[in-house]
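Listed below are the residues making up each chain.
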Amino acid sequence: MQHSKTQDTLVGMFVAVGIAALFYMALQISNLGSYSNGDSYTVSARFQNSGGLKIKSPVSLAGVKIGRVSSITLDKSSHEAVVEMRIDSQYDNLPDDSSASIYTAGLLGEQYISIDPGSSEDYLKDKSRLDITSSAIVLEEMIGKFMMNKAEGK
Amino acid sequence: MLEFLELLGKTARGSFAKLGRATFFLMHVLAGIREVLPRPNLLNKQLYSVGVLSFLIIAISGLFVGMVLGLQGYYILSDFGADESLGLMVAASLVRELGPVVSALLFAGRAGSALTAEIGLMKATEQLSGMEMMAVDPINRIITPRFLAGLISTPLLAAIFSSIGVMGGHLVGVGMLGVDDGAFWAQMQNGIDFNEDIINGVIKSVVFGFVVSWIALFEGYDSVPTSEGVSRATTRTVVNSAFSILGLDFILTALMFGDI
Amino acid sequence: MPTSASSTNHIVSVENLSFSRGTRKIFDDVSLNIPRGKVTAIMGPSGTGKTTLLKLIGGQLYPNAGRILVDGQNVHQLKTRELYNLRKRMGMLFQSGALLTDMNVYDNVAFPLREHTHLPESMIRTLVLMKLQAVGLRGAHQLMPNELSGGMARRVALARAIALDPMMIMYDEPFTGQDPISMGALVHLIKSLNTTLGLTSIIVSHDVHETAAIADYIYVLSEGRIVGQGTPQQLASSDSAWVQQFMNGDADGPVHFHYPARDYLDDLLTAK
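You'll find chain B entered in an unreviewed UniProt entry as Intermembrane phospholipid transport system permease protein MlaE, with Methylomonas subterranea given as the organism. In UniProt, chain B has this text filed under Function (unreviewed entry): "Part of the ABC transporter complex MlaFEDB, which is involved in a phospholipid transport pathway that maintains lipid asymmetry in the outer membrane by retrograde trafficking of phospholipids from the outer membrane to the inner membrane. Probably responsible for the translocation of the substrate across the membrane." Taken verbatim from the UniProt record of chain B, the Sequence similarities (unreviewed entry) comment is "Belongs to the MlaE permease family."

Taking an unreviewed UniProt entry as the reference, chain A is identified by name as Outer membrane lipid asymmetry maintenance protein MlaD belonging to Methylomonas subterranea.

Written out as structure tokens, the structure is:
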């Protein structure tokens, strides 16, 4: 078959650009690029209410993302949410008396766990537990309380 | 009334017959794949006319769609003080919906119509018949390489569309409207899941590519071999492709993201 | 040339063939034989299904009744692979030429060789140039089909049809719409190819003089039946009025000039 070299080159370039775009989507647009490959340790925390927290919600310290939520389960005896999170192993010097709170990014944004570092000399290790937690703030509850207070105050 | 029913019955019978022909056609096309794979030259030629020649329209459309998304998204999101989510909004719209759908629609208009016209004219000028008499199966030799090229090109084109779209959104959002660069990407990467969004988007575009190529090639192959017949077949390709893409998009979205 | 044991000196035998399109009967119990090594013409007015007959012989259409034997094999009972193998030994020249428009003349002629043989490119080149030389178009090998005149396109198609050295070639209206010079060239080509390559030729045509000049035997078809047959000389002196009208091209005769209609005067005078 008579075929032109330029045509083959262009087809090759097209396929290469297409595959590059797929990689771009995977690494730059989606969360695949920010997956740390196994080098992490797991800590858990118990919350009265985990609110809108989801698996893969970010875990941050001082606004810097240091890990992700890996599982959310219910402790049947205490009726608390047990949230496990994987922390990047490069952040291996978190004091073991740090506290975890669930916050919302912006008014309508995603919920995330914020770690507030304590002052202990001992650091969190794999399978450690964060004892000091504060639950998610549920907007309806707050509005409800606010309305009640208003009504009572009148 | 009776006439109406008769017409309805006739139409239904015609549609079923066509669907049957289209199914046999597809089986024949798929069976031809093993004849085509050992001959990459056949495929290359079609990848050029189907894929490479669609690149420019896809890239330019992607850029503008992304820029418009950046602009409109910013106006809406900044009302809620959520303009940092702009990256997420642009990327989610592109990766989940606009990338696969718009690129498939453009593909149907650019490459699908050309395929129908080409096959239809080959039929009208007895090239397909002539090939048969030369003991060469025209479906294996002519149709299957084009089908494969369509199937390979669409996901690549959709990925190119989405990627360039995100860049366009970034250009407008970060470059012109002053959204924070870090927040733009961070929100996007937090919100877009690889398995759920990217893979599903790619699956969508593969399905669209399959359906558009099938429709385009079948309409050409099944066309009445006159200039009017070919022109009608070309129109049908674009119309039916658009319906199929949008209808299938709803079904796929419901299956992938929804709880219906 | 491969011949099966059952084949006689007839390369194609059409036996009691009936074929209809929709409600229209195209062939009604037609039988004819094509002798090996000869030029046989099938003639008749436009619309009598001459092209359809070629497609039936080539196995592209299926008859409603009757059978067609090509080189001793029943075309319509062959499996796809066997039919394709048989078609490799039949060349067909379409009215339009049916050249592949996305390749140049050289690649068009090389097409069947590349599809069906594993010959090295150098040998294909030799063969292609030989075939093109035979039709006098070796110099045009790098032209694209849309750069060819109708007559040249047909000659290229002929070169392509003989590329695989078939046992027979079917010509579908080879003379239609040709200027006298290309017509003459084609007439000469068909005749000389038939003798030099030892082919069998089947010509479907309604060009009486050109066909009569090269045909060894002629069948005349009309309205789904054979209405006359014989050598050109026999037909010229046929006592059938119909054959006489066809061979001489008279405007009126058994086939009327006017399409069947109501009485002329009636039609004009009826106010509607």
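Undergrad: Please provide a residue-by-residue account of the overall build of chain A, values included.
TA: Within chain A one finds two helices and eight strands. For chain A, the sequential pattern of α-helices and β-strands runs α-β-β-β-β-β-β-β-β-α. Against the 2.2 N^0.38 benchmark of 15 Å for 154 residues, chain A shows a C-alpha radius of gyration of 23 Å, more extended than a compact globule. C-alpha atoms of chain A, sized along the principal axes, occupy 90 × 45 × 30 Å. A burial count over chain A gives 34% of its 154 residues as buried. In chain A, the proportion of contacts linking residues at least 24 apart, taken out of those at least 6 apart, comes to 63%. About 9400 Å² of surface is accessible on chain A, with carbon and sulfur atoms providing 57% of the total. Each charge class in chain A can be summarised by its mean position, and for the 14 positive and 18 negative side chains these summaries are 8 Å apart.

Undergrad: Pulling in residues and values, what's your account of the nonpolar core?
TA: By size, the foremost hydrophobic cluster in this structure holds 67 residues, and its most contacted members are I29 of chain A together with I143 and M188 of chain B. A per-element tally of this core places helix α4 (residues 86-124) of chain B first, with 14 residues. If near-sequence neighbours (up to four positions away) are discounted, I143 of chain B is found in contact with F25, V29, I119, P138, L217 and Y221 of chain B. Counting residues in each nonpolar core, the second largest holds 36 residues, with Y106, I124, A157 and A163 of chain C among its members.

Undergrad: Please set out the UniProt feature "transmembrane region" (unreviewed entry) in chain B residue by residue, giving values where relevant.
TA: Residue and element names in this part refer to chain B. Mapped onto the present numbering, the UniProt feature "transmembrane region" (unreviewed entry) falls at residues 49-74, 86-108, 156-178, 198-217 and 238-257. Taken as a whole, residues 49-74 contains 100% helix and 0% strand, while its terminal C-alpha atoms sit 38 Å from one another. Taken end to end, residues 86-108 is 100% helix and 0% strand, and its first and last C-alpha atoms sit 30 Å apart.

Undergrad: Describe the sheet that holds strand β7 (residues 168-172) of chain C, and please don't skip the residues or the numbers.
TA: All names here are of chain C. Spatially, six strands are ordered β6-β7-β8-β3-β9-β10 in an open sheet, and the strand pairing comes out mixed. Every interior strand has two partners, whereas the edge strands, β6 (90-93) and β10 (225-230), have only one. On average, adjacent strands in this sheet sit at an angle of 15° to one another, irrespective of strand direction. Where β7 and strand β8 (residues 200-205) come together, five bridges link them in parallel fashion. Bridged to M170 within β8 is I202.

Undergrad: Just give me the short version of the packing of helix α1 (residues 5-29) of chain A against helix α3 (residues 40-79) of chain B, but keep the residues and values in it.
TA: Between α1 of chain A and α3 of chain B, the shortest axis-to-axis distance is 9 Å and the interhelical angle comes to 60°. Relative to α3 of chain B, α1 of chain A is oriented oblique. Read as a crossing pair, α1 of chain A and α3 of chain B show a hand that is left-handed. Contact residues: Q7, D8, L10, V11, F14 and V17 of chain A in α1 of chain A; N44, K45, L47, Y48, G51, V52 and F55 of chain B in α3 of chain B. A breakdown of the residues in the contact of α1 of chain A with α3 of chain B according to their chemical character gives eight nonpolar, three polar and two charged.

Undergrad: Outline the UniProt feature "transmembrane region" (unreviewed entry) in chain A, supporting the account with residue identities and numerical values.
TA: Residues given the UniProt feature "transmembrane region" (unreviewed entry) here are residues 9-27 of chain A. For residues 9-27 of chain A, the end-to-end C-alpha separation is 26 Å, with 100% helix and 0% strand making up the annotated structure.

Undergrad: Let's hear about empty space enclosed by the protein: which residues, and what values?
TA: Inspection of the entire model under this criterion finds four cavities of 30 Å³ or more. Space inside the largest cavity adds up to approximately 140 Å³. Along its surface, the largest cavity is lined by 17 residues, and M134 of chain B together with G91, M92, R160 and A161 of chain C are the ones closest to its centre. Mapped onto the lining of the largest cavity, the elements with two or more residues apiece are α5 (127-133) of chain B together with β6 and α5 (150-161) of chain C. Here the residues of the lining of the largest cavity sort into eleven nonpolar, three polar and three charged. In this structure, the second largest cavity occupies an estimated 120 Å³ of space. Lining the second largest cavity are 14 residues, with L42, K45, Q46 and R141 of chain B together with D102 of chain C positioned closest to its centre. Elements represented by at least two residues in the lining of the second largest cavity include exactly α3 and α6 (138-176) of chain B. When the residues that make up the lining of the second largest cavity are grouped by side-chain class, the tally is nine nonpolar, one polar and four charged.

Undergrad: Help me get a handle on unusual backbone geometry, residues and values and all.
TA: Residues other than glycine seldom take positive phi values, yet K127 of chain A does so here, at roughly 70°. Of note, E223 of chain C is a non-glycine position whose phi angle comes to about 50°, a positive value. Along the chain, E223 of chain C falls in the loop between β9 (217-222) and β10.

Undergrad: Tell me about the packing of α4 of chain B against α6 of chain B, and name the residues and values.
TA: All names here are of chain B. Where α4 contacts α6, the two axes come as close as 7 Å, and the packing angle between them is 145°. Helix-helix and strand crossings are classified by hand; for α4 and α6 the assignment is right-handed. When the residues that make up the contact of α4 with α6 are grouped by side-chain class, the tally is 19 nonpolar, nine polar and two charged.

Undergrad: I'd like a description of the pairing of strand β6 (residues 111-116) of chain A, backed by residues and values.
TA: Residue and element names in this part refer to chain A. Judged from the three bridges that link them, strand β2 (residues 58-61) and β6 form a sheet pairing that is parallel. Along β6, the bridge assignment pairs V59 with I113. Strand direction decides the pairing type here: strand β5 (residues 99-104) and β6, joined by six bridges, are antiparallel. Considered in β6, the bridge of I102 is made with I113.

Undergrad: Could you give an account of the pairing of β10 of chain C, naming the residues involved and the relevant values?
TA: For β9 of chain C and β10 of chain C, the ladder comprises five bridges, and the chain directions are antiparallel. Bridge pairing in β10 of chain C links V220 of chain C to G228 of chain C.

Undergrad: Any details on the packing of aromatic side chains? Residues and values, ideally.
TA: Residue and element names in this part refer to chain B. Inspection of the entire model under this criterion finds eight aromatic pairs over all chains. Look at F25 and Y221: their rings are 5.2 Å apart centre to centre, the planes differ by 35°, and that puts the pair in the tilted class. Of this pair, F25 sits in helix α1 (residues 2-31) while Y221 sits in helix α8 (residues 194-221), and the two are 196 residues apart along the sequence. In this structure F25 comes out as buried when scored by relative accessible area, which is 5%. Since its relative accessible area comes to 24%, Y221 is described here as partly exposed. Taking the centre distance of 6.4 Å and the plane angle of 70° together, the rings of F210 and W214 count as edge-to-face. Taken together, the residues span about one helical turn, with F210 and W214 both in helix α8 at a distance of four residues. Assessed through its relative accessible area of 26%, F210 is described here as partly exposed. Under the relative-accessibility criterion, W214 is labelled partly exposed at 21%.

The rules we used
- Residues numbered from 1 in each chain as written.
- Chains lettered and ligands numbered in written order.
- Predicted model: local features only at pLDDT ≥ 70, side-chain atom pairs only at ≥ 80, totals over all residues.
- Heavy atoms only, no water.
- UniProt positions renumbered as here; feature names shortened; annotations may be inferred.
- Helix = DSSP H or I, 4+ residues; strand = E, 2+ residues; numbered from the N terminus.
- Rg over C-alpha atoms; globule rule 2.2 N^0.38 Å.
- Buried < 20%, exposed > 50% of the residue type's maximum accessible area, 1.4 Å probe, protein only.
- Contact = heavy atoms within 4.5 Å.
- Areas by Shrake-Rupley, 256 points an atom, 1.4 Å probe, with all protein chains shown as cover.
- Lys, Arg positive; Asp, Glu negative; His and termini not counted.
- Charge placed at Lys NZ, Arg CZ, Asp CG, Glu CD.
- Core = buried A, V, L, I, M, F, W, Y, C linked by side-chain atoms within 4.5 Å.
- Pairing = 2+ DSSP bridges.
- Axes fitted to C-alpha atoms, helices over the stretch in contact; angles between N-to-C directions.
- Parallel < 35°, antiparallel > 145°, perpendicular 65-115°, else oblique.
- Left-handed = near helix turned anticlockwise from the far one by under 90°.
- Nonpolar A, V, L, I, M, F, W, Y, C, P; charged D, E, K, R; others polar.
- 1 Å grid on protein atoms, 1.4 Å probe; cavity = no way out; pocket = protein on both sides within 12 Å on 5 of 7 lines; lining within 4 Å.
- Points joined across faces, edges and corners; volume = space filled by probe spheres on them.
- Phe/Tyr/Trp six-rings, centres within 6.5 Å; stacked < 30°, edge-to-face > 60°.

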